[in-house]
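Examination of the molecular architecture
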Amino acid sequence: MSDNYSFFGDVEKSFDKAAKFTKWTAGILEQIKACNAVYRMRFPIKRDDGSIEVMEAYRVQHSQHKMPCKGGIRFAAEVNQDEVMALAALMTYKCAIVNVPFGGGKGGIKINPRNYSPYELEKITRRYTAELIRKNFIGPGTDVPAPDYGTGEREMAWILDTYSAMHPGEIDAAGCVTGKPVSQGGVRGRREATGLGVFFGLREVCNMTDIMNKYGLPVGVEGKKVVVQGLGNVGYHSAKFFQDAGALIVALSEYEGAIHSDKGLDIEAVFEHRKKTGSILNFPGATNFEKNTDALEMECDILIPAALENVINEENAPRVKAKIIGEAANGPLTPEADEVFVKKGILVVPDMFLNAGGVTVSYFEWLKNLSHVRYGRMEKRFNENMNAHIVSQMEALSGKKMNEKEKEYIVHGADEVDLVYSGLEETMITATHEVMNEWKNNPEIPDMRTAAYVVAINKVATSYAELGIFP
Ligand code: NAD
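Just so it is clear, the model here is predicted, and its values are computed rather than measured.

**Here's the deal with the overall build of the protein chain**
For the protein chain, the helix and strand inventory stands at 16 helices and twelve strands. Relative to a compact globule of 471 residues, whose C-alpha radius of gyration would be 23 Å, the protein chain shows 23 Å and is just as compact. In the protein chain, buried positions account for 56% of the 471 residues. Only carbon and sulfur atoms are counted for the fraction: they give 53% of the accessible area of the protein chain, which is about 20,500 Å². Charged side chains in the protein chain number 54 positive and 63 negative. The centres of these two groups are separated by 2 Å.

See the structure below:
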């Protein structure tokens, strides 16, 4: 990566490219693009060996046109202000596309979590939370973090505990962070939400006959050859849902290396193998690639980068042979790579809505926290009784018995996870069509990413136009 690479600059470039296809004034566009608040902090922590280390951390609120701000917290050695600003901006656009009423935010701590003990990570997370509280950068109505690269449920529980300890009696405290363990106010389905959303979005694209014809592919997901980069939360679940739907995972790439098999890799077995040996390499029945980036250049139908940004750029884009690229990570392609793919006739399904499953289900979690009741708790049994009654009436009137399996399916009242999956599926299908229609209705828009930005800009700009400017 060159020294003057700017991820935020890339986001701005994509924004400007799309702004030309909208009717908004320069002033409104400038306001949408700007990061409203950037909080850069330094704080010390005492390491297990007694030494003191000074942390570098950030929280950015890109837009407050809807409140609270929302966005994950990343733990990575590469974290820097530019990156956090870019990710916060993407969150604004992402939330707008999937109609989640939040502004964009993002946080990051510049550490490689592998180099710290769990106790040290807990201290870092708690101190970071305290710093956010000090400046009013966290709270159910102001700014709500979530997991991102290098963080998960464990860190979210520490954030909640710290916030609650410093806000005794705040009844909505659980809504200060999402992606929590279910036992701490999390929602069922949040863990796999981003990967499932990636699957729902790509499945919808694969079910569009005109689009599949355009890219020379058969309709549907079944039998499609899929390559996934990154076997973390997003990559693992994306791969798993594709495998469950009958696709073949022909290659997987992790930071230690990459493997491939034309017969398809069993994602669960690879995951177990990695847990046991510490690496995905030498998985029985698979072949190791020489370099982990080789997987990105393999012949396949769908390539899913699910690790980090800027992994496909002007250098390697010309060698990519996938027919569809589904951006599960944030910003895995640079604008230069986009241009290569438009010329090569490769369809890029952009991060801005494709990986919005996480924030969508985070929204459901936040709503659950504010309502203080589990989804389905009030109506599940009522619906089951009602459905059982309807089925028994149908059986009585027809004089025939319904197949037991069908009966069970019809009678079953929705559990929390059923409702979350259903809400996520509806959100991803609607967003995919909205973006695709914007693209189809304006032949001058060069790619799906630009169409997604147009959709996002129109929604955010409408908010600004309606709200006016304070004071
Ligand atoms: P994660 O930490 O759970 O997993 C990332 C994985 O990528 C890790 O296993 C890591 O070892 C691997 N990796 C790192 N560098 C790699 C490389 N060069 N080649 C191959 N693999 C590599 O993180 P995550 O939560 O899955 O996030 C991944 C991406 O998805 C990030 O861009 C993040 O911003 C984005 N995202 C995450 C969520 C979410 O809900 N977690 C939501 C939206 C977007």
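**Observations concerning the nonpolar core**
Side chains of nonpolar character tend, in soluble globular proteins, to be buried together. Ranked by size, the top nonpolar core spans 98 residues in total, and within it Phe-242, Leu-252 and Ile-304 carry the most contacts. Here this core takes twelve residues from helix α3 (residues 81-97), the largest share from any one element. Ignoring anything within four residues of it in the chain, the contact list for Leu-252 reads Val-228, Leu-231, Gly-257, Ala-258, Ile-259, Leu-265, Ile-267, Val-270 and Ile-280. One finds Ile-111, Leu-121, Met-156 and Leu-160 within the second-largest nonpolar core, a separate group that totals 26 residues.

**Remarks on empty space enclosed by the protein**
All chains considered together, the criterion is met by two cavities of 30 Å³ or more. If you add up the space inside the largest cavity, you get close to 120 Å³. If you go around the largest cavity, you meet 15 residues; those closest to its centre are Phe-7, Ser-14, Gly-331, Leu-333 and Arg-449. Among the elements of the structure, α1 (7-19), α10 (335-344) and α16 (448-467) are those that each provide at least two residues to the lining of the largest cavity. In terms of residue count, α1 provides more of the lining of the largest cavity than any other element does, four residues in total. Taken together, the residues of the lining of the largest cavity break down into seven nonpolar, three polar and five charged. Each pocket or cavity is described by its volume, and for the second largest cavity that value is around 30 Å³. Of all elements in the fold, only β3 (69-75), α4 (118-134) and α5 (153-166) reach the threshold of two or more residues within the lining of the second largest cavity.

**Overview of the packing of α1 against α16**
Running from N to C, α1 and α16 point in directions that differ by 80 degrees, and their axes come no closer than 8 Å. Judged by the inter-axis angle, α1 sits roughly perpendicular to α16. Contacts between α1 and α16 involve Val-11, Ser-14, Phe-15, Lys-17, Ala-18 and Ala-19 from the former and Arg-449, Thr-450, Tyr-453, Val-454 and Ile-457 from the latter.

**Quick look at the sheet that holds strand β8 (residues 257-260)**
Strand order in the open sheet formed by seven strands is β9-β8-β7-β6-β10-β11-β12, with mixed pairing between adjacent strands. Of all strands in the sheet, those with a lone pairing partner are β9 (287-288) and β12 (347-349), marking the two edges. In this structure, strand β6 (residues 225-229) lies alongside strand β7 (residues 248-254), joined through five bridges in parallel fashion. Bridge assignment links Val-227 to a residue of β7, and that residue is Ala-251.

**Details of the sheet that holds strand β1 (residues 37-46)**
Taken in spatial order, the five strands of this open sheet run β1-β2-β4-β3-β5, and their pairing is mixed. If you trace the sheet from one side to the other, it starts and ends with β1 and β5 (143-147), each paired once. Averaged over all pairs of adjacent strands, the angle between strand axes in this sheet comes to 20 degrees, irrespective of strand direction. As judged from the ten bridges shared by β1 and strand β2 (residues 52-61), these two strands associate in the antiparallel manner. Across the sheet, the residue bridging to Ile-45 is Glu-53, located in β2. Those strands touched by α3 are β1, β2, β3 and β4 (103-109), and its axis lies near 150 degrees from that of β4.

**Remarks on the pairing of β3**
When you tally the buried positions in β3, you get seven out of seven residues, the bulk of the element. Pairing between β3 and β4: five bridges, direction parallel. Following the sheet pairing, Lys-70 is matched in β4 by Gly-104. Regarding topology, α3 serves as the crossover connection from β3 to the parallel β4, and that connection is right-handed. Summarising the sheet, β3 and β5 pair through five bridges and their orientation is parallel. The partner of Cys-69 across the bridge, within β5, is Asp-143.

**Some words on the pattern of salt bridges**
One pass over the structure, following the stated rule, counts 37 salt bridges. Here Arg-74 ties to Asp-148 by a salt bridge, and the two come within 2.8 Å at their closest N and O atoms. One end of the pair, Arg-74, is in strand β3; the other, Asp-148, is in the loop between β5 and α5, and 74 residues separate them in sequence. Across the pair, Asp-148 and Arg-74 agree in class, each one buried. We note a salt bridge from Glu-395 to Lys-401, for which the minimum N-O separation is 3.5 Å. The network of salt bridges with common partners includes Arg-74, Glu-83, Lys-106, Asp-148 and Glu-309.

Definitions and cut-offs
- Residues numbered from 1 in each chain as written.
- Predicted model: local features only at pLDDT ≥ 70, side-chain atom pairs only at ≥ 80, totals over all residues.
- Heavy atoms only, no water.
- Helix = DSSP H or I, 4+ residues; strand = E, 2+ residues; numbered from the N terminus.
- Rg over C-alpha atoms; globule rule 2.2 N^0.38 Å.
- Buried < 20%, exposed > 50% of the residue type's maximum accessible area, 1.4 Å probe, protein only.
- Areas by Shrake-Rupley, 256 points an atom, 1.4 Å probe, with all protein chains shown as cover.
- Lys, Arg positive; Asp, Glu negative; His and termini not counted.
- Charge placed at Lys NZ, Arg CZ, Asp CG, Glu CD.
- Core = buried A, V, L, I, M, F, W, Y, C linked by side-chain atoms within 4.5 Å.
- Contact = heavy atoms within 4.5 Å.
- 1 Å grid on protein atoms, 1.4 Å probe; cavity = no way out; pocket = protein on both sides within 12 Å on 5 of 7 lines; lining within 4 Å.
- Points joined across faces, edges and corners; volume = space filled by probe spheres on them.
- Nonpolar A, V, L, I, M, F, W, Y, C, P; charged D, E, K, R; others polar.
- Axes fitted to C-alpha atoms, helices over the stretch in contact; angles between N-to-C directions.
- Parallel < 35°, antiparallel > 145°, perpendicular 65-115°, else oblique.
- Pairing = 2+ DSSP bridges.
- Right-handed = clockwise from strand over helix to strand, strands pointing away.
- Salt bridge = Lys/Arg side-chain N within 4 Å of Asp/Glu carboxyl O.

Shape descriptors only; they carry no functional weight alone.
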